[in-house]
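Observations on the three-dimensional arrangement
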Amino acid sequence: MATLNLVLDKRVLLKNNQYNLSIRVISGKTQVYLRLSKMTEEQYREIFLKNNLTKGYVEFREDCNKQVTRVERILSDMKIFNAKELKTRFNNDEEIVTNKDANEYESLKLGDWFDLYIVKSSHLKYRTKRHFQYSKNVFTKNNPDMLITEITKDYLEKFEISRIREGNKITAINSNIRDLRTVINFFRRTSPSLSSNYKYPFGQGGFTIGNFYPKKLVMSNDELRKVIAFKDFQNKEEEYAKDIWELLYRFNGINYADLLQMRWSHRNGNYFVFFRKKTETTRKSNRQEIIVPINEKVQALLDKVGNKDSKFVLGLLKENYTEAYYDYVSRKERKKINKNLGRISEKLNLSVKLKLQTARDTYATVLKRKGVSRDLISEMLNHSNPMVTSHYLASLDMEKTFEINDHLI
């Protein structure tokens, strides 16, 4: 006489830490596993051990139990137990309604939605996945069991005010809410767990994520000259940090991320021609190359910090590096460089602390002060939309405030 059980078959680990959910049939010394679905251990515990009463989970359990009953009927029709015949009839006799990803029956927990979105979105970059994980933690820190249905316009308004009062920047708050909106949009039209009267918290009549362009203080031209001419280094690390900052500034204000992955093969005569890392997943028709002229000052900096023994300009990466390794190297080097730039800022008593990211602000500001047109600055910065450059430049004119207020009596 055969016995049947629903089990999570851990003999083979599948992608995304999933296993096969199967009906295990035992007859004497023979075991047969009839696959129903795929799921993680956490999902198995939630659905079958904890008997979670979420609508989608209840439906999933019902489907699985129907398949167990079907196997029982097949066994009752068999005069002699035959594993091969059982598998054939199970797979062909009737439609297997549960033969789909158990994630289609996801819970309503906000944290589960974030996790599932990350798993299903294979196009996401490593850093983007980390940001979604961070956003998830922001929303679920004080309420790990928070449900997606608790996200309302009123909740988001209170969330925004609370985060501002805690001292968080509006740009950071907006980025967390955008991640939340992305996750909700991804599932809301297909989730079987949502009731028909679910009210979407965004859109018309809902919460609006504002466009915020923070004002940035940028060094004066005199301060910039002091930075470039600075030689009083305490050690080689400080000199290296200053050279990297200046190279970013002279390289059209590119980000450190672009310099880190730049190869010598990107050099074409007296120019470096390359794509920004930020646009790696952008549609090809919208991608634009950055062209950096190599003048004497740029060449001098390349001679100092460049590694000719490596295929990469800085020599900090190796071929076939993973995104996780790239992220590790980037964070480690940025931290070290910014620490040394901070020391230089103190020595020069700068009005704006020197950081890697200020190289881009400084590049755009200097061009604006010299009367370079917005369109040309936009092209050099590799902005896809000149309007982005307009907001960018408008936020960089803080130096003018002194000149304006000097007119006061």
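Residues numbered from 1 in each chain as written. Predicted model: local features only at pLDDT ≥ 70, side-chain atom pairs only at ≥ 80, totals over all residues. Heavy atoms only, no water.

With the rule as written, the count across this model stands at 18 aromatic pairs. Seen in terms of ring centroids, Phe114 and Phe132 are 6.4 Å apart; in terms of plane orientation they differ by 55°. Their pairing is tilted. Taken as a pair, Phe114 in helix 4 (residues 110-120) and Phe132 in helix 5 (residues 126-140) lie far apart in primary sequence, 18 residues in all. Across the pair, exposure class does not vary: Phe114 and Phe132 are buried alike. Aromatic ring contacts, followed pair by pair, group Trp113, Phe114, Tyr117, Phe132, Phe186 and Phe187 into a single cluster. Over the aromatic face of Tyr33 sits the side chain of Arg11, whose NZ or CZ is 3.8 Å from the ring centroid. Between the NZ or CZ atom of Arg188 and the centre of the ring of Tyr200, over which it lies, the distance is 3.7 Å. (Phe/Tyr/Trp six-rings, centres within 6.5 Å; stacked < 30°, edge-to-face > 60°. Helix = DSSP H or I, 4+ residues; strand = E, 2+ residues; numbered from the N terminus. Buried < 20%, exposed > 50% of the residue type's maximum accessible area, 1.4 Å probe, protein only. Lys NZ or Arg CZ within 6 Å of the ring centre and 35° of its normal.)

The contact between helix 6 (residues 153-165) and helix 7 (residues 170-187) brings their axes to 10 Å, and the two run at 150°. Between helix 6 and helix 7, the angle is such that the two are roughly antiparallel. Note that helix 6 runs across helix 7; the crossing there is right-handed. Mapping the contact onto sequence places Leu156, Phe159, Glu160, Arg163 and Ile164 in helix 6 and Ile170, Ile173, Asn174, Asn176, Ile177 and Leu180 in helix 7. (Axes fitted to C-alpha atoms, helices over the stretch in contact; angles between N-to-C directions. Parallel < 35°, antiparallel > 145°, perpendicular 65-115°, else oblique. Left-handed = near helix turned anticlockwise from the far one by under 90°. Contact = heavy atoms within 4.5 Å.)

One pass over the structure, following the stated rule, counts 25 salt bridges. Measuring nitrogen to oxygen at the nearest pair gives 2.9 Å for the salt bridge that ties Lys347 to Glu238. With Lys347 in helix 12 (residues 323-348) and Glu238 in helix 9 (residues 236-250), the pair connects residues that are 109 residues apart, well separated along the chain. Given the relative accessible area of 39%, Lys347 is considered partly exposed. We classify Glu238 as buried; its relative accessible area is 0%. Look at the salt bridges and you will find they share partners, linking Glu46, Lys50, Lys109 and Asp145 into a network. (Salt bridge = Lys/Arg side-chain N within 4 Å of Asp/Glu carboxyl O.)

This part takes up the confidence of the model for the protein. Residue-level pLDDT values for the protein average 86, and 91% of them are 70 or greater. Helix 9 holds the highest mean pLDDT among the elements of the protein, 97, whereas helix 15 (residues 386-394) holds the lowest, 69. Across residues 94-100, confidence stays below pLDDT 50; counting only partners more than four residues off in sequence or on other chains, it has 21 contacts. (pLDDT = per-residue confidence, 0-100.)

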